[in-house]
Amino acid sequence: MATPPSLCIDNLKSALDDAGIGQHPVEVHGAMVGLICGGVAASKDGWQKPLAELMNDGQPLTGEIRNLVTEMYQDTKTRLADVEFGFVPLLPEEEVPLADRVEALSLWVQSFLTGLAIIQPKLNQASADVREVIQDLAEIARVELDVSEDDESEAAYQEILEFVRMSAILCYAEFRPEPGAADAADDKVIH
């Protein structure tokens, strides 16, 4: 499943700029993935409100950015729920200098951890595997490398990127709501 063209970094950056939001697209995607992997409620308010808190000082998203973020949410949730769709963090393409991609990965991981922590404030009670992954991700988020453009550095980046990808999938597997939980919550609404 290919990522919709509308969800490229340039389109998101333009919509964020137009909305006066000073976030980078990788930060928005990282925070959203953190919220989803933390088990945020699938309802409209369940994920939009905490994301607005993180990226827009709690102000609701409107216009094009709202549409793009909603599309990103649906695409990301689908990719996380079905391994065949191939979840990957939204990061710059290979043509971008490696130092910029490493910086973007660090920003993505920082935002992912923030989103995850908002939905799962008791991460210290997670499984041992998830706690270890979170510690490793915290180290990746703090990394400040003087990166050289060579095959060895590129291979190291790809290895870290794969670790980040699998870590997000592990967190999603641990914290995601039970299938049908959103439907059950909607059925309990009293009129």
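Residues numbered from 1 in each chain as written. Predicted model: local features only at pLDDT ≥ 70, side-chain atom pairs only at ≥ 80, totals over all residues. Heavy atoms only, no water.

Draft legend 1. How the structure looks around the overall build of the protein. Tallying secondary structure elements over the protein gives eight helices and zero strands in all. Counting from the amino terminus, helix and strand elements in the protein follow one another as α-α-α-α-α-α-α-α. Residues classed as buried in the protein amount to 40% of the 191 residues present. Taking all contacts inside the protein whose residues are at least 6 apart in sequence as the whole, residues at least 24 apart take part in 75%. Of the roughly 10700 Å² of accessible surface on the protein, 50% is carried by carbon and sulfur atoms. (Helix = DSSP H or I, 4+ residues; strand = E, 2+ residues; numbered from the N terminus. Buried < 20%, exposed > 50% of the residue type's maximum accessible area, 1.4 Å probe, protein only. Contact = heavy atoms within 4.5 Å. Areas by Shrake-Rupley, 256 points an atom, 1.4 Å probe, with all protein chains shown as cover.)

Draft legend 2. A look at the nonpolar core. In this structure, C37, M55, V69, W108, V109 and F112 are the most contacted members of the largest nonpolar core, which totals 52 residues. Taken together, the elements giving at least two residues each to this core come down to α1 (9-18), α2 (25-37), α3 (44-56), α4 (63-81), α5 (98-119), α6 (128-141) and α7 (151-175). By residue number, the principal contributor to this core is α5, which donates nine residues. For C37, the contacting residues outside a window of four places in its chain are L80, F112, L116, A168, C171, Y172, F175 and R176. (Core = buried A, V, L, I, M, F, W, Y, C linked by side-chain atoms within 4.5 Å.)

Draft legend 3. Quick peek at the pattern of salt bridges. Inspection of the entire model under this criterion finds five salt bridges. Two residues, R101 and E154, come together in a salt bridge whose shortest N-O distance is 2.6 Å. Separated by 53 residues along the polypeptide, R101 in helix α5 and E154 in helix α7 bring together distant segments of the chain. Note that E139 and R142 form a salt bridge whose closest N and O atoms lie 2.5 Å from each other. In this pair, the class of E139 matches that of R142, namely exposed. (Salt bridge = Lys/Arg side-chain N within 4 Å of Asp/Glu carboxyl O.)

Draft legend 4. Quick look at the packing of α6 against α7. Put simply, α6 and α7 touch, their axes get as near as 10 Å, and they point 140° apart. By the angle class used here, α6 and α7 are oblique. Crossing of α6 against α7: the hand is left-handed. Residues D129, V130, V133, D136, L137 and I140 of α6 pack against I160, F163, V164, S167, L170, C171, E174 and F175 of α7. Looking at the contact of α6 with α7, its residues break down into 10 nonpolar, one polar and three charged. (Axes fitted to C-alpha atoms, helices over the stretch in contact; angles between N-to-C directions. Parallel < 35°, antiparallel > 145°, perpendicular 65-115°, else oblique. Left-handed = near helix turned anticlockwise from the far one by under 90°. Nonpolar A, V, L, I, M, F, W, Y, C, P; charged D, E, K, R; others polar.)

Draft legend 5. Seen up close, the environment of P50. Mapping P50 onto the fold places it in helix α3. When the C-alpha positions of P50 and L35 are compared, they lie 7.9 Å apart, and in sequence the two are 15 residues distant. With residues up to four places along the chain from it excluded, the contact list for P50 reads L35, V40, D45, I118 and I119.

Draft legend 6. Spotlight on the confidence of the model for the protein. For the protein, mean pLDDT is 86; residues scoring 70 or higher make up 88% of the total. Across the protein, α2 holds the top mean pLDDT of 96, while helix α8 (residues 181-187) sits lowest at 42. Across residues 181-191 the pLDDT falls below 50, and counting only partners more than four positions away or on other chains, this stretch makes one contact in the model. (pLDDT = per-residue confidence, 0-100.)

Draft legend 7. Region of interest: a negative patch on the surface. A cluster of like negative charges, contributed by D100, E103, E149, D150, D151 and E152, occupies part of the molecular surface. Here E149 is to be found in the loop between α6 and α7. (Patch = residues over 30% accessible without salt bridge, like charges linked within 9 Å, V, L, I, M, F, W, Y side chains within 5 Å. Lys, Arg positive; Asp, Glu negative; His and termini not counted. Charge placed at Lys NZ, Arg CZ, Asp CG, Glu CD.)

Draft legend 8. Molecular detail of α2. Across its 13 residues, α2 extends 18 Å between first and last C-alpha, which sits within 8% of the 18 Å expected from 1.5 Å per residue. Downstream of α2 by a residue or two, G39 has a phi angle that is positive, lying close to 95°. (Expected span 1.5 Å × (residues − 1).)

Draft legend 9. Spotlight on the environment of M32. Examined against the element boundaries, M32 turns out to sit in helix α2. Along the sequence, M32 and M55 sit 23 residues apart, while their C-alpha atoms lie 9.9 Å from each other. Non-local contacts of M32, meaning those with residues more than four positions away in its chain, are made with W47, L51, V69, M72, Y73 and T76.

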